[in-house]
Amino acid sequence: MTNNIEQDKSYKNRRRLQWQCRRGMLELELFLQDFLTYDYDALSEDQKCKFEQLLTIIDPVLFDYLMGMQEANEPELRDIVHTIRTAHQQRLHNHS
């Protein structure tokens, strides 16, 4: 029974994150959705919290962070941005 409850919570959390990854900028949405799909599960619980925190940032600022045009003020956000950018670059490299 507990396992079903945990699976349900995990499913609901994943659906919530998928919704939060939907953005007004298609490029940003694709960047975030790919990370959620391919890399999110490998994150530590702390990194997952930082990813969720990152999703609260407005699109233009988040886009600048992920494109490397601006750095986050908070070190923990810089770390998760670096993790996302590195994962994205590795996926691009693997597809070329």
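Residues numbered from 1 in each chain as written. Predicted model: local features only at pLDDT ≥ 70, side-chain atom pairs only at ≥ 80, totals over all residues. Heavy atoms only, no water.

## What about the confidence of the model for the chain?
Looking at the chain as a whole, the pLDDT averages 91, with 94% of positions reaching at least 70. Within the chain, the lowest mean pLDDT, 83, falls on helix H1 (residues 2-21), and the highest, 96, falls on helix H4 (residues 59-67). (pLDDT = per-residue confidence, 0-100. Helix = DSSP H or I, 4+ residues; strand = E, 2+ residues; numbered from the N terminus.)

## Let's talk about H4
If you check which residues of H4 are buried, you get Asp59, Leu62, Phe63, Tyr65 and Leu66. Burial along H4 is one-sided: seen end-on, the buried residues are contained in an arc of 160°. Elements that come into contact with the buried residues of H4 comprise helix H2 (26-38), helix H3 (45-54) and helix H5 (75-95). (Buried < 20%, exposed > 50% of the residue type's maximum accessible area, 1.4 Å probe, protein only. Arc of directions from axis to C-beta. Contact = heavy atoms within 4.5 Å.)

## A short note on a negative patch on the surface
Side chains of Asp46, Glu74, Glu76 and Asp79 sit close together on the surface and give a patch of like negative charge. By the element assignment, glutamate 74 lies in the loop between H4 and H5. Overall, the relative accessible area of 32% leaves glutamate 74 in the partly exposed class. (Patch = residues over 30% accessible without salt bridge, like charges linked within 9 Å, V, L, I, M, F, W, Y side chains within 5 Å. Areas by Shrake-Rupley, 256 points an atom, 1.4 Å probe, with all protein chains shown as cover. Salt bridge = Lys/Arg side-chain N within 4 Å of Asp/Glu carboxyl O. Lys, Arg positive; Asp, Glu negative; His and termini not counted. Charge placed at Lys NZ, Arg CZ, Asp CG, Glu CD.)

## Thoughts on the state of the cysteines
A full pass over the atoms with the stated rule returns 0 disulfides. Of the cysteine sulfurs around cysteine 21, a residue in no disulfide, the closest is that of cysteine 49, at 15 Å. Here cysteine 49 falls in the partly exposed class, since its relative accessible area comes to 48%. (Disulfide = S-S within 2.5 Å.)

## Looking at the packing of aromatic side chains
Under the defined criterion, the tally for this structure stands at 2 aromatic pairs. Here phenylalanine 35 and phenylalanine 51 contribute two aromatic rings whose centre-to-centre distance is 5.3 Å and whose plane-to-plane angle is 40°, an arrangement assigned as tilted. With phenylalanine 35 in helix H2 and phenylalanine 51 in helix H3, this pair connects stretches of sequence that are 16 residues apart. Judged by its relative accessible area of 0%, phenylalanine 51 is buried. Centroid distance tyrosine 40 to phenylalanine 51: 5.6 Å. Interplanar angle 55°. Geometry classified as tilted. Here tyrosine 40, found in the loop between H2 and H3, pairs with phenylalanine 51, found in helix H3; they are 11 residues apart in sequence, far enough to count as distant. When sorted by exposure, tyrosine 40 lands in the same class as phenylalanine 51, which is buried. Three or more aromatic residues link up through ring pairs in this structure, and these residues are Phe35, Tyr40 and Phe51. (Phe/Tyr/Trp six-rings, centres within 6.5 Å; stacked < 30°, edge-to-face > 60°.)

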